[in-house]
Structures are given as C-alpha cells and as structure tokens.
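Architecture and fold: a report
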Amino acid sequence: MKRVTLIKGDGIGPEITDSVMKIINAAGVAIDWDIQTAGADLIETEGTPLPQRVLDSVKQNKIALKSPVTTPIGKGFRSVNVQLRKELDLYANLRPCYNLPNVKTRYDKVDIVVVRENTEDLYAGIERQVDENTAESIKIITRKASERIAKFAFDYAVKNNRKEVCVVTKANICKLSDGLFLECARKIAQQYPQIKFREILVDNCCMQLVQNPNQFDVLLLPNLYGDIVSDLCAGLIGGLGIAQGANIGENYAVFEPVHGSAPDIAGQDKANPTAMLMSAIEMLNYIGENEAGRRIRLALFDTLDAGIKTVDLGGNASCTEFTQAIVDRLVVLEK
C-alpha cells in the first residue's frame, strides 16, 4: 500500500479533497493517506500556515496530493505553494491543458502542456523597500535551473510523443536574465534533434494563444511567464475549475489543482472537484496506478458528457452530486 501525504488546505480545499478521496476509494486504489492541514487557519494555533510537520510528511512519503491554500494579496504570509516548491526543490511545474467532453469553450482540440520553471525568477521573493516611494524586486535566473527545466520539457516531449517544444521569454528586453534562459533552452534543444524547437516572445505568445492555440504543443517558460500563461491556457479549455497541475523535483512530487481556495463558496457544496481529480489522476499515473487513473478519467469524462456538471461549468450539480455521479460510473466500469 502506497503512503501519500494529503494536504487539505482551506476554503473549498477540504470539500474537494473529500470528493477525490471518495472517488479514488471507489476505484479500489489502496492508498494510506497521511492527512495534513495547511493554510491561514493554522496561524493562530501553530504560528504558520505551513507547519514543519507538513514538510516532514512530504519528505517521508515522497508524494503529496494538495488542495488549494489561500494566499493573501499584498500583505500577510508568503505563499504556501511557493514555500513548498522551494523547500522541496520542486523545480518543474507541469500543467497539461486540453478540452474535456461537453465543456463549452471557444476552441476545440486544444492540447497544450505548460512546463514552468518553479524555483526562481521574481518568485525567489527577493524584495526591498528602497524608500517611501520605491520598491524593488530582483529577478533571478540561473544556468543550472534553466538547463534542468529545459531538459525536463524535452524529456517530457519524448516520453509523451509530443512534436515540439516552444520556449517563451522576453529576451528582447530582459537581455541578460531571459537571455540566459533562452540560451540554455537552445543548448538543451540541440540534444533532442527529434523534437522541433522554436522561440517566441511572451507577449506574442499570449496573442497567438487566443488566435490559434492549436499551433502549440509544449511551452517552456520561466516562472512568472509560466504562471500567467498557464492560467491563460486554462481559460482556453473552460477555466481554472478543470485545470490540473503537478510540481515535480528530483526526490518529491506534489500534485495540486491550479485554482485558488474560493473562500466565497466554501462550505456551500458548490465547488467543482474536477481540477483536483485531474491532478489526482496524474498522481496515480506517477505512482504506477495507471489502470485506476484510466478508469477514473473515463468515469469523469462520461459524467461530463452526460451533462452532469457543477455551476461553474454551466450545470446545476452540487459537488456531492457530481462526485456521486462519477462514483456510480466507476461501479459500472468495475462490472
């Protein structure tokens, strides 16, 4: 039995976590869940939104499934997500984006994989108040981090039969920092002659994505651009409610939905667990439970195809009803 850290988070986190646990259990996967909590609610009781016990759990189990955690805007504690990525050196953020059945969007046949460097850039958090009227942030780009994320992107492309890796920068303006990232991508690309390689500026990339997203395959980006572009790609396929994510390093992997904690609908049974479930499917594949992942995906797709959807996708099903519909289809698949 595989032991996996389960981080429940806050806001809608506990609701979608319970949903996914129920679905995975219905699929017959034997997982020993090491349940941990994180988030703003813990500051009063434990003095931090990310207690050391959570990090220790992930380090011991190597694998974690995490629900959203609220990050204050402009003040308060640092992002739990960013802290986890840095503490565990989860250098690769992987965000596959593709159309789901019966989820209406402006585009069809979108199939883009965003590979985002996950440990440096402006997210290094090196900031200072220069004076009363001036604040300064330092953008860090290193050769080591840039080469390893480029290698991750090309290795992923080879393993998953992708045709192209497109590196996205603003190297015409940030000539040294983005220039280094681009230089490293070019160097690594030479080691993979079977994969097409191209370059694009981030502003042009965003325009091209909304004009013709089908032209893109694997996108390779520094941290900040990757964060922004991955949300744009989620918008192409129906929104953050169905956007999955994975944070992968040499020793550890944390799987999580892309969306936030949505405190405005917490406790109302309105949350959409799809992104959390899609992330869990990727986790199951990662630990070798590919058949269970395949059946859960089939049950999810069949549920959506039948028109059973949560409010954010244009349906009227509650989180509980949506979850049960997937479970019911899993039972049929078992038979």
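Residues numbered from 1 in each chain as written. Predicted model: local features only at pLDDT ≥ 70, side-chain atom pairs only at ≥ 80, totals over all residues. Heavy atoms only, no water.

Brief notes about the sheet that holds strand β4 (residues 92–98)
Read from one edge of the open sheet, 10 strands run β2-β1-β3-β12-β11-β4-β5-β10-β8-β9, paired in mixed fashion. Strand pairing shows two members of the sheet lacking a second neighbour, β2 (31–36) and β9 (196–201), which therefore form its edges. For this sheet, the mean angle separating the axes of adjacent strands, direction not counted, is 25 degrees. Of the pairings in the sheet, the one linking strand β1 (residues 2–7) to β2 comprises six bridges and is parallel in character. (Pairing = 2+ DSSP bridges. Helix = DSSP H or I, 4+ residues; strand = E, 2+ residues; numbered from the N terminus. Axes fitted to C-alpha atoms, helices over the stretch in contact; angles between N-to-C directions.)

Side note on unusual backbone geometry
Phi is positive for Lys109, which is not a glycine, with a value near 60 degrees. One can find Lys109 in the loop between β4 and β5 (111–117). The residue Asp269 is not glycine, and still its phi comes out positive at about 60 degrees. With respect to the helices and strands, Asp269 occurs in the loop between β12 (253–257) and α9 (274–286). Overall, Asp269 belongs to the partly exposed group, its relative accessible area being 28%. (Buried < 20%, exposed > 50% of the residue type's maximum accessible area, 1.4 Å probe, protein only.)

Here we look at the nonpolar core
Among the nonpolar cores identified, the biggest contains 86 residues, and Leu219 and Leu220 are the most heavily contacted of them. Core analysis: the next-biggest nonpolar cluster, separate from the first, contains 14 residues, Ala38, Leu55, Val58 and Leu84 among them. (Core = buried A, V, L, I, M, F, W, Y, C linked by side-chain atoms within 4.5 Å.)

Overview of the packing of aromatic side chains
Considering all chains together, one arrives at four aromatic pairs under this definition. Residues Phe154 and Tyr192 carry aromatic rings whose centres are separated by 5.1 Å and whose planes lie at 20 degrees to one another, so their mutual orientation is stacked. With Phe154 in helix α5 (residues 143–159) and Tyr192 in the loop between α6 (177–189) and β9, this residue pair connects regions lying 38 residues apart in the sequence. A relative accessible area of 0% places Phe154 in the buried class. Geometry around Tyr123 places Arg116 over its ring, the cationic atom sitting 5.2 Å from the centre. (Phe/Tyr/Trp six-rings, centres within 6.5 Å; stacked < 30°, edge-to-face > 60°. Lys NZ or Arg CZ within 6 Å of the ring centre and 35° of its normal.)

Remarks on empty space enclosed by the protein
Across all of its chains, the model carries one cavity of 30 Å³ or more by this definition. The volume enclosed by the largest cavity comes to roughly 40 Å³. As for the largest cavity, its lining consists of Val82, Arg85, Lys86, Arg116, Asn118, Thr119, Tyr123 and Asn223. Looking at which element gives the most residues to the lining of the largest cavity, the answer is helix α4 (residues 80–87), with three residues. Per-class residue counts for the lining of the largest cavity are two nonpolar, three polar and three charged. (1 Å grid on protein atoms, 1.4 Å probe; cavity = no way out; pocket = protein on both sides within 12 Å on 5 of 7 lines; lining within 4 Å. Points joined across faces, edges and corners; volume = space filled by probe spheres on them. Nonpolar A, V, L, I, M, F, W, Y, C, P; charged D, E, K, R; others polar.)

Notes on the pattern of salt bridges
Under the counting rule described, the total for this entry stands at 24 salt bridges. With a shortest N-O distance of 3.5 Å, Arg3 and Asp34 are connected by a salt bridge. Of this pair, Arg3 sits in strand β1 while Asp34 sits in strand β2, and the two are 31 residues apart along the sequence. Accessibility expressed as a relative area gives 34% for Arg3, which makes it partly exposed. The salt bridge involving Arg186 is made with Glu199; its shortest N-O contact spans 2.7 Å. Of this pair, Arg186 sits in helix α6 while Glu199 sits in strand β9, and the two are 13 residues apart along the sequence. One salt-bridge network, held together by shared partners, links Arg3, Asp32 and Asp34. (Salt bridge = Lys/Arg side-chain N within 4 Å of Asp/Glu carboxyl O.)

Comments concerning the environment of Asn251
Among the secondary structure elements, Asn251 is positioned in the loop between β11 (244–248) and β12. Owing to a relative accessible area of 53%, Asn251 belongs among the exposed residues under this scheme. Note: C-alpha distance between Asn251 and Lys196 (55 residues apart in sequence) is 29 Å.

Some remarks on the packing of helix α1 (residues 13–26) against α9
Taken N-terminus to C-terminus, the directions of α1 and α9 make an angle of 45 degrees; their axes are 9 Å apart at the nearest point. Classified by the interaxial angle, the pair formed by α1 and α9 is oblique. Our pair here, α1 against α9, has a crossing hand that is right-handed. Residues Ile16, Thr17, Val20, Ile23 and Ile24 of α1 touch α9, and the partners they reach there are Met276, Leu277, Ala280 and Leu284. Residues belonging to the contact of α1 with α9 are distributed by class as follows: eight nonpolar, one polar and no charged. (Parallel < 35°, antiparallel > 145°, perpendicular 65-115°, else oblique. Left-handed = near helix turned anticlockwise from the far one by under 90°. Contact = heavy atoms within 4.5 Å.)

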